[in-house]
Amino acid sequence: MNRKGFVFVETIIVIAIMLSSLMLIYSLYASSVSNENIRLRYDDTAKLYETFYLKKYLESFDLDALKARINDGEPYQMIYRGTSEVFGSSYSNEKIFLENMWMDLHIESIILFPSDLSDVTSCDRNDVAMICTNTSLLNYLKSLDDLEDGTYRLVIEFAMNEDGQTCTSPIGCYYYYSSVKVGA
């Protein structure tokens, strides 16, 4: 009997088992790290507080006009995306304050959605192209449950660098999302 061949085959089998075990452990680790990164960027406690207080502030404006547009068939209303013109000239005195506040909070966009997000997340409509091209926002919206009818959801997209500063380019920019319910 050739014992050297048996030891060699036994060693190969042990190495194969160890290698497959290590690959399984690595894939589980990588998956959990990825899930944790997503969890940290969706509905972070600090961002939820900022979103809640922004909702309270925005409710002092006439959000009913925006809700009426959604009720008339528009899938969502963009409240802020680089400029605060949505409320018109009647709030021109507030414009500088709003833009400074949104810049200090690193807000990329503020969007008002209806209670049912299926029209937006299905990407079947042409008027949701801006949402469907933003895969991070779309993934966040798909992770949300529908609200009861007659309510709306205020979604805020925050963008900042690793050091917590405002993003100057999309490279190295982290996006955080949070949402709060807005009454009927």
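See above for the structure.
Residues numbered from 1 in each chain as written. Predicted model: local features only at pLDDT ≥ 70, side-chain atom pairs only at ≥ 80, totals over all residues. Heavy atoms only, no water.

Enquirer: Teacher, can you tell me more about helix α2 (residues 45-58) here?
Expert: Because each turn of an α-helix spans 3.6 residues, side chains separated by three or four positions end up pointing in the same direction. In a regular helix each residue adds 1.5 Å, so 14 residues correspond to 20 Å; α2 covers 20 Å between its end C-alpha atoms and thus fits that length. Among the residues of α2, those classed as buried are K47, T51, L54, K55 and L58. Seen along its axis, α2 keeps its buried residues to an arc of 105°; they face one direction. Pointing more than 90 degrees away from the buried face of α2 are the exposed residues T45, Y49 and Y53. (Helix = DSSP H or I, 4+ residues; strand = E, 2+ residues; numbered from the N terminus. Expected span 1.5 Å × (residues − 1). Buried < 20%, exposed > 50% of the residue type's maximum accessible area, 1.4 Å probe, protein only. Arc of directions from axis to C-beta.)

Enquirer: It is not clear to me how the sheet that holds strand β2 (residues 107-114) should be interpreted in this structure. Could you clarify?
Expert: Across a sheet, strands are paired by hydrogen bonds formed along the backbone, either parallel or antiparallel in direction. Taken in spatial order, the 4 strands of this open sheet run β1-β2-β3-β4, and their pairing is antiparallel. The sheet is open, and its two edges are formed by β1 (77-80) and β4 (174-182), each paired on a single side. When strand polarity is set aside, the average angle formed by the axes of neighbouring strands in this sheet is 20°. Pairing between β2 and strand β3 (residues 152-160): 7 bridges, direction antiparallel. Within β3, the position partnered with P114 by the bridge is Y152. Seen against the sheet, α2 touches β1, β2, β3 and β4 and runs at an angle of roughly 50° to β4. Running at roughly 40° to β4, helix α7 (residues 135-143) makes contact with β2, β3 and β4 of the sheet. (Pairing = 2+ DSSP bridges. Axes fitted to C-alpha atoms, helices over the stretch in contact; angles between N-to-C directions. Contact = heavy atoms within 4.5 Å.)

Enquirer: Please clarify how the state of the cysteines should be interpreted in this entry.
Expert: Disulfide: a covalent bond connecting the sulfur atoms of a pair of cysteines. Counted according to the given criterion, the structure contains 1 disulfide. Covalent S-S linkage joins C123 and C132, the inter-sulfur distance amounting to 1.9 Å. Every disulfide takes its handedness from the sign of the S-S torsion; for C123 and C132 that torsion is -105°, giving left-handed. Residue C123 is classed as partly exposed on the basis of its relative accessible area of 30%. Its relative accessible area of 19% is what places C132 among the buried residues. (Disulfide = S-S within 2.5 Å.)

Enquirer: Help me understand the environment of Y140, please; the structure alone is not making it clear to me.
Expert: Topologically, Y140 is positioned in helix α7. Each C-alpha atom of the pair Y140 and Y176 lies 9.4 Å from the other, and the pair is 36 residues apart in sequence. Setting aside residues up to four positions removed in sequence, Y140 forms contacts with Y42, D43, V155, Y177, S178 and S179.

Enquirer: Help me understand unusual backbone geometry, please; the structure alone is not making it clear to me.
Expert: Glycine aside, negative phi is the norm for most residues, and most peptide bonds take the trans geometry. Positive phi, close to 60°, is recorded for H106, a residue that is not glycine. You can see H106 is positioned in the loop between α4 (95-104) and β2.

Enquirer: What am I meant to see in the packing of α2 against α4 here?
Expert: How two helices sit against one another is set out by the angle between their axes and by the gap between those axes. Two elements in contact, α2 and α4, have axes whose closest approach is 13 Å; the angle formed by their N-to-C orientations is 170°. As the angle between them shows, α2 and α4 are arranged roughly antiparallel. Between α2, through L54, Y57 and L58, and α4, the contact on the second element is made entirely by F97, L98, M101 and W102. Looking at the contact of α2 with α4 residue by residue, the class counts come to 7 nonpolar, no polar and no charged. (Parallel < 35°, antiparallel > 145°, perpendicular 65-115°, else oblique. Nonpolar A, V, L, I, M, F, W, Y, C, P; charged D, E, K, R; others polar.)

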